[in-house]
Amino acid sequence: MPREEETTVTTAELQDLKPLTEFTVHRYHVDLTTKDVRFESIACTDLEDTLGGIARATKWFDGQEPVDPYSPEAPLMMNLGLLSGTRVMTGLRTYFHGWSPLKRARNGTPGLMWSAGSGHFGTKLRGLGIDDVIFTGRSETPVAVVLTMSEDPNGPEGPANFEFIDASDLVGRHSNDRIQHLHGRYPEAHFAVIGPAGEQGGDVRYAAIALSTDNQLKSGDSKARYAGRGGYGGVMGSKNLMAIIADGDDPGRQRGLRDLNKEINLGEGSRIYREIGTWRQMVTQGEHGIIPEFNFRPTGDDRHVALRRDPFEEAGGYEVRSESCYLCGIKCHKNIYDDDGEGRFRAKFDYEPLALLSVGLGIFDKEAAMDLIALCDELCMDSISLGVSLAYAMEWNRRNPGNPVADGLSYGDAAAALAAVEAIGTGKLPFVGQGTLRMAEELGAPEFAMQSKGVEYPAYVPHSNPGFPWALAGGHMSMRTFLLMIAEGETSVDYWVDAVTNRGWDYIRSDIDGLCKFSMATPAMHAEALQIAANLDIDEQALLDTTHRTFIRGYAVERKTGFDETDYVLPAEAHEPIESSELEYFNTPEFFAEMQGRILEELDGRARELGYL
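The paragraphs below set out a description of the structure included in this document.

Cut-offs and rules
Residues numbered from 1 in each chain as written. Predicted model: local features only at pLDDT ≥ 70, side-chain atom pairs only at ≥ 80, totals over all residues. Heavy atoms only, no water. Helix = DSSP H or I, 4+ residues; strand = E, 2+ residues; numbered from the N terminus. Rg over C-alpha atoms; globule rule 2.2 N^0.38 Å. Buried < 20%, exposed > 50% of the residue type's maximum accessible area, 1.4 Å probe, protein only. Areas by Shrake-Rupley, 256 points an atom, 1.4 Å probe, with all protein chains shown as cover. 1 Å grid on protein atoms, 1.4 Å probe; cavity = no way out; pocket = protein on both sides within 12 Å on 5 of 7 lines; lining within 4 Å. Points joined across faces, edges and corners; volume = space filled by probe spheres on them. Nonpolar A, V, L, I, M, F, W, Y, C, P; charged D, E, K, R; others polar. Pairing = 2+ DSSP bridges. Axes fitted to C-alpha atoms, helices over the stretch in contact; angles between N-to-C directions. Contact = heavy atoms within 4.5 Å.

Counting its secondary structure elements, the chain contains 24 helices and 17 strands. Taken against the 2.2 N^0.38 rule, which gives 25 Å for 613 residues, the C-alpha radius of gyration of the chain at 23 Å falls within 12% of a compact globule. In terms of overall dimensions, the chain has C-alpha extents of about 65 × 55 × 50 Å along its principal axes. Counting all 613 residues of the chain, 63% fall into the buried class. Approximately 21200 Å² of the chain is accessible, and the part contributed by carbon and sulfur atoms is 45%.

Vacant regions in the atomic arrangement are exposed by a probe of water-molecule size rolled over the atoms. Here the structure, examined in full by the defined rule, presents five cavities of 30 Å³ or more. Taken together, Lys103, Ser452, Lys453, Val455, Tyr457, Phe468, Ala471, Leu472, Ala473, Gly474 and Gly475 form the lining of the largest cavity. A per-class count over the lining of the largest cavity returns six nonpolar, three polar and two charged.

Taken in spatial order, the six strands make up an open sheet running β2-β1-β6-β3-β4-β5, and their pairing is mixed. The two strands at the open ends of the sheet, each matched to only one other strand, are β2 (36-43) and β5 (110-117). Each neighbouring strand pair of the sheet contributes to a mean axis angle of 25°, computed without reference to strand direction. Where strand β1 (residues 24-31) meets strand β6 (residues 132-136), five bridges bridge the pair, whose relative direction is parallel. Note on β6: the bridge partner recorded for arginine 27 is aspartate 132. Against the sheet, helix α3 (residues 53-61) contacts β1, β3 (76-80), β4 (94-104), β5 and β6, and its axis sits at roughly 150° relative to β3.

Every second residue of strand β9 (residues 190-193) is oriented toward a common face, with His190 and Ala192 on one face and Phe191 and Val193 on the other, all of them buried. Where β9 and strand β12 (residues 241-246) come together, four bridges link them in antiparallel fashion. Of the residues in β12, the one forming a bridge with alanine 192 is isoleucine 244.

Next comes the structure, spelled out in structure tokens:
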């Protein structure tokens, strides 16, 4: 991060902070059927409008009627948080929102969800003065949208220009190939693209969106960041929208951010991500006997140890490099290269793809893990949903050898797993591509389907985390209860009701203003960043209140669209003890039933009090 011109913001400057009512939202409505673009400048009336991200999007979707996510009338909102595209370190996130192809109530209604990704794309979008884009319709032919600065940024059509170009040449390409192809045509731009999976519609309900990075464009390697959860790559594909190309200016230096950025970069909060990355969870979960092997059935043995970082590096043959997103010093990306003189890039080892595409499938081989992760990225799928769906099919086959699915996929068969990933991503294995909930319904075996509300669990066993069902957008990124049993070891109903209703939801703070979760910035740091970078008059409590309201509104949208007590559940086998773990067993069916009733009553009451129900 370059040095800033000033180290602090003075008291006099802070007195010039603007109230939220002095902010406006630049929103574009794009009809891909007609190629019509409508701009509106919206005066902010509350912090949800001003802060953006999921706060503004959830407010907009509240009251909208759910529709088939793949229908032309289904809205796909792309937007930014107020800190996205600023010089606050990790302020890079772009969000995609809509009715999810994956998340679903038991009554069949699609659920509201979002997905987020970093990279450099969001910064380029911010440089164009864009806050929201709402896509509807369906282009008759494959199309890409090129976003550039308008000749009259203050005119009635807004600051950005929208150009629609033929994208037939992108169809069928892998995600990195698409990005590199576009980079050759638009060398100063950054890109949001789908891959082959996004072209398959309902045959791949967990297709992702790839966001380009500087390292990717410079090296040519497949190093995108992914908005993976919820299946919005398929929503883009259903609209025949192959790519979004953003060619805006990068932000200039901004006074007063040096100390804050130093704390984000070098502080204790982000230390573990600098040093090890999310890869560290292979050790944390393994030491407690809860590595999600074999479809979340931990064995307690040490086969997974070879996939921990230290043994991986000590064995030789590979180099691990810490690399980063735009202007970020945390360098959480742990990219793997062959250490053979040529240095071929292999894959990026984050915990979820590593665990769920290796040990979750009974695969303990490093080469196989890298190949599976790399192919998942190139086909542009959510690695979490892909891995859990594959594991469910393997577990079904283990229990039902006389009635196998997915060509008899079995644990430990890396070659068959790789072939299955290729088949899923190209629409040739739609049974697995539809996701775990729908597979379980078709087979009549929900008890070992590791999902809630249709969204597969990340690589943390639900047995020790009864908070999973109240996550709005994927088990660990929007309900921070997944590590509480390890950290605090509490097992009372009172504790877990409080954890869900008063603590877990705070993790969505970064999904509002645009900072990366790996910054580990405190609410006070978020508020300071908003004061300095956006000149917004806000304090820590106002930010927390907005975060809470956004969670309750998201929950209320679920309730209003048909999610009931049968949706806020865990699979039956998540209530069984894990024999390999020394963690106390507490999550019995009786425990969960009491906890569930109290949480629903509490959250329903808050939603009514706020006027959301």
